[in-house]
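# Breakdown of the fold
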Amino acid sequence: MYAVTVTFRVAPDHLEAFLPLMVENAQTSLQQEPGCHQFDICRGDDPNQVFLYEIYEDRAAFDAHLASAHFKSFDSKVADMIEEKTVALFDEVIR
């Protein structure tokens, strides 16, 4: 198991455009990537912060996600919408 967390700070004037693109990316990842087991999109008290929790089979599955056409398309569409992005990667300790 390989976990990925991503925290986005989205520019307030782009949030309405960002969220549907994020949902589409998550749904496509779950449908088309056999190594993607979970892809949650969360929001907290700050309406401009979007938190992702993703679970992949292993690092290779995550790398396949990053190389996918749908991720590259998403990434280019939202690049100018994002004020800040933090990514953390986690390997499973006990299996």
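The residue count restarts for each chain, going from 1 along the sequence in the order it is written. A pLDDT threshold of at least 70 governs which residues receive local features in this predicted model, and a stricter bar of 80 or more applies before side-chain atom pairs are shown or counted, although totals over entire chains, interfaces and linings include all residues. Excluded from the side-chain calculation are hydrogens and water; included are all heavy atoms of the structure.

## Let's talk about helix α1 (residues 15-32)
Here a helix means four or more residues in a row that DSSP labels H or I, a strand means two or more in a row labelled E, and each is numbered from the N terminus. Residue count minus one, scaled by 1.5 Å, sets the expected span of a helix. Between its first and last C-alpha atoms α1 spans 26 Å; for 18 residues at 1.5 Å apiece the expected length is 26 Å, and the two agree. For every residue, the accessible area (1.4 Å probe, protein chains only) is compared with the maximum for its type, and the residue is labelled buried under 20%, exposed over 50%, or partly exposed between those bounds. Taken residue by residue, α1 has L15, F18, L21, M22, N25, A26, T28 and S29 as its buried positions. Angularly, the buried residues of α1 cover 165° about the axis, an arc narrow enough to put them on a single face. The exposed set on the far side of α1, more than 90 degrees from its buried face, consists of E16 and Q31. Starting at the helix axis, one direction is taken to each C-beta atom, and the arc is that of these directions.

## What to know about the sheet that holds strand β1 (residues 2-10)
Paired through backbone hydrogen bonds, the strands of a sheet run either parallel or antiparallel to each other. Only when DSSP finds a minimum of two bridges between them are two strands counted as paired. Read across the open sheet, the 4 strands follow the order β2-β3-β1-β4; overall the sheet is antiparallel. One side of each edge strand has no neighbouring strand; the edge strands of this open sheet are β2 (36-43) and β4 (82-91). The mean inter-strand angle of the sheet, taken between neighbouring strand axes irrespective of direction, is 15°. Bridge count between β1 and β4: 9 bridges; the pairing is antiparallel. Its bridge partner being in β4, V4 is matched across the sheet by L89. Interaxial angles span 0 to 180 degrees and are taken between N-to-C directions of axes, which are lines fitted to C-alpha atoms, for helices over the stretch in contact.

## So, the pairing of β1
Counting buried positions along β1 yields 7 of 9 residues, so the element is predominantly enclosed. Pairing analysis gives 8 bridges linking β1 to strand β3 (residues 49-56), with the strands arranged antiparallel. Opposite F8, over in β3, you have V50 as the bridge partner.

## What to know about the environment of E83
Following the sequence through the fold, E83 ends up in strand β4. Through-space distance from the C-alpha of E83 to that of P12 is 9.4 Å; in sequence the pair is 71 residues apart. Residue contacts are defined here by distance: any two heavy atoms, one from each residue, within 4.5 Å place the two residues in contact. When near neighbours in sequence (up to four residues on either side) are disregarded, E83 contacts R9, V10, A11 and P12.

## Here we look at helix α3 (residues 69-78)
Each full turn of the α-helix corresponds to 3.6 residues, which orients residues three or four apart in the same direction. The complete set of buried residues in α3 reads H70, F71, F74 and V78. Along the axis of α3, the buried positions cluster into a sector of 100°, meaning they face one direction only. The exposed set on the far side of α3, more than 90 degrees from its buried face, consists of A69, K72 and S76. Those residues of α3 hidden inside the fold are in contact with α1, α2 (59-67) and β4.

## Overview of the pattern of salt bridges
When a carboxyl oxygen of Asp or Glu is within 4 Å of a side-chain nitrogen of Lys or Arg, the pair counts as a salt bridge. A full pass over the atoms with the stated rule returns 3 salt bridges. Taking the shortest distance from any N to any O, the salt bridge between D63 and R59 comes out at 2.8 Å. With D63 and R59 both in helix α2, this residue pair falls 4 residues apart, about one helical turn. Residues D75 and K85 are paired through a salt bridge, measuring 3.9 Å at the closest nitrogen-oxygen approach. With D75 in helix α3 and K85 in strand β4, this residue pair connects regions lying 10 residues apart in the sequence.

Such coordinate-based values are descriptive only and should not be taken to indicate function.
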